[in-house]
Amino acid sequence: VAALASNIFYVTGTGKRMRYVAQAPFVNGSIIRVNAAGTAYEIIAEQPVMPTSELPSHLAMHNFLRARGINNKVVVHTHPTDLIALSHCKPFLDSDYITRKLWAMIPECRVIVPRGIGIIPYELPGSMDLAKATIKQLDKHDVVLWEKHGILAVGEDIIECFDAIDTLSKSAQIYLYARQAGFEPEGMTSGQLDDLVPAFNLPK
């Protein structure tokens, strides 16, 4: 979901795929206007496309971010195979554990995802329970992994969200490739990760 104005949003269509949005945005997405009370919306695109079933949960996240004065205008949810695979392994359902493992695979991960990864135990896709659990994690994280489902990132633009998800995906691939080769990857040391904080002005 991308905020085009204070009450106008572009969202992927129900049953549509993000990978086709760039080549045909009005076939694969919907432009909606939310009323002042936030109780209803209308589709205002010339080609009416029903918005994703996860619209209520995504708008709830936008509402939370705005209430906190956070200037994140985009919410991206997608299904990276490698990160979902990690969510099937119990140790990776601990925020500190998965954050440390993925940060340690490449320096860029610590830099591009400085607030780490929030974890949401499995909830029904598209449900408000999932949205409420995600909102709690957005207090501390810009990226949230939904167990056995997918990942969500918030940012000022779609590139910021994509970069975070793509970098985490690369880190997950490095970890999984090493395990497939028969060894536990050494990863960066705590000292090497700490050195990135002042060098890139990262939050501690």
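What comes next is a walk through the structure. Computed from a predicted structure; not experimentally measured. (Residues numbered from 1 in each chain as written. Predicted model: local features only at pLDDT ≥ 70, side-chain atom pairs only at ≥ 80, totals over all residues. Heavy atoms only, no water.)

1. Quick word on the nonpolar core
Argument step 1. In this structure, L102 and L168 are the most contacted members of the largest nonpolar core, which totals 30 residues.
Argument step 2. For this core, the elements supplying multiple residues, two or more each, are β5 (74-78), α3 (81-86), α4 (95-103), β6 (117-120), β7 (143-146), β8 (150-155), α7 (158-180) and α8 (190-199).
Argument step 3. Ranked by residue count, the leading element in this core is α7, at six residues.
Argument step 4. Counting 14 residues, the second largest nonpolar core, distinct from the first, contains V75, A131, L138 and L152. (Core = buried A, V, L, I, M, F, W, Y, C linked by side-chain atoms within 4.5 Å. Buried < 20%, exposed > 50% of the residue type's maximum accessible area, 1.4 Å probe, protein only. Helix = DSSP H or I, 4+ residues; strand = E, 2+ residues; numbered from the N terminus.)

2. So, helix α6 (residues 128-137)
Argument step 1. For α6, the full list of buried residues reads L130, A131, T134, I135 and Q137. End-on view of α6: buried residues confined to an arc of 155°, all on one side of the axis. Within α6, the exposed residues directed more than 90 degrees away from the buried face are K132 and K136.
Argument step 2. If you follow the buried residues of α6, they end up packed against α2 (55-67), β6, β7 and β8. (Arc of directions from axis to C-beta. Contact = heavy atoms within 4.5 Å.)

3. So, the packing of α2 against α6
Argument step 1. One way to put it is that α2 packs onto α6 with a least axis distance of 9 Å and a crossing angle of 25°. One way to sum up the angle between α2 and α6 is to call them roughly parallel. The hand of the α2/α6 crossing is right-handed. Contacts between α2 and α6 involve P56, S57, A60, M61 and F64 from the former and M128, A131, T134 and I135 from the latter.
Argument step 2. In terms of residue class, the contact of α2 with α6 is made up of seven nonpolar, two polar and no charged. (Axes fitted to C-alpha atoms, helices over the stretch in contact; angles between N-to-C directions. Parallel < 35°, antiparallel > 145°, perpendicular 65-115°, else oblique. Left-handed = near helix turned anticlockwise from the far one by under 90°. Nonpolar A, V, L, I, M, F, W, Y, C, P; charged D, E, K, R; others polar.)

4. Quick notes on a nonpolar patch on the surface
Argument step 1. Together, M18, I158 and I159 make up an exposed nonpolar region whose accessible area comes to about 280 Å².
Argument step 2. The residue I158 is located in helix α7 in this model.
Argument step 3. You can call I158 partly exposed: its relative accessible area is 45%. (Patch = residues over 30% accessible without salt bridge, like charges linked within 9 Å, V, L, I, M, F, W, Y side chains within 5 Å. Areas by Shrake-Rupley, 256 points an atom, 1.4 Å probe, with all protein chains shown as cover. Salt bridge = Lys/Arg side-chain N within 4 Å of Asp/Glu carboxyl O.)

5. Re the pairing of β8
Argument step 1. A large share of β8 lies buried, amounting to six of its six residues.
Argument step 2. Residues of β8 alternate between two faces, with G150, L152 and V154 on one and I151, A153 and G155 on the opposite face, all of them buried.
Argument step 3. In this sheet, β8 lies alongside β5 in antiparallel orientation, the contact comprising five bridges. Note that in β8 the partner of V74 across the bridge is G155.
Argument step 4. Hairpin connection between β7 and β8: a loop of three residues separates the two successive antiparallel strands, and K148 in this loop has a positive phi of roughly 55°. (Pairing = 2+ DSSP bridges.)

6. What about the packing of aromatic side chains?
Argument step 1. Here the structure, examined in full by the defined rule, presents two aromatic pairs.
Argument step 2. Considering the side-chain rings of F92 and Y97, the 5.2 Å spacing of their centres and the 80° angle between planes classify their relative orientation as edge-to-face.
Argument step 3. Given a relative accessible area of 32%, Y97 falls into the partly exposed group.
Argument step 4. Members of the aromatic cluster, joined through ring pairs, are F92, Y97 and Y175.
Argument step 5. One cation-aromatic arrangement involves R110 over W103; the distance from NZ or CZ to the ring centre is 4.0 Å. (Phe/Tyr/Trp six-rings, centres within 6.5 Å; stacked < 30°, edge-to-face > 60°. Lys NZ or Arg CZ within 6 Å of the ring centre and 35° of its normal.)

7. Focus: the environment of R19
Argument step 1. Along the chain, the position of R19 falls in the loop between β2 (8-12) and α1 (25-28).
Argument step 2. One polar contact links R19 to Y20, side chain to side chain, over a distance of 3.5 Å. (Polar contact = N/O pair within 3.5 Å; in protein donor to acceptor, adjacent residues only side chain to side chain.)

8. Things to note about α4
Think of an α-helix as 3.6 residues a turn; residues three or four steps apart then line up on the same face.
Argument step 1. Buried within α4 are the following residues: S95, I98, T99, L102 and W103. Down the axis of α4, the smallest arc covering the buried residues is 125°, so these residues share one side.
Argument step 2. Buried positions along α4 lie against α3, α5 (107-112), β6, β7, α7 and α8.
Argument step 3. Between a side-chain oxygen at the N-terminus of α4 and the backbone nitrogen of D96 the separation is 3.2 Å; the capping residue is D94.

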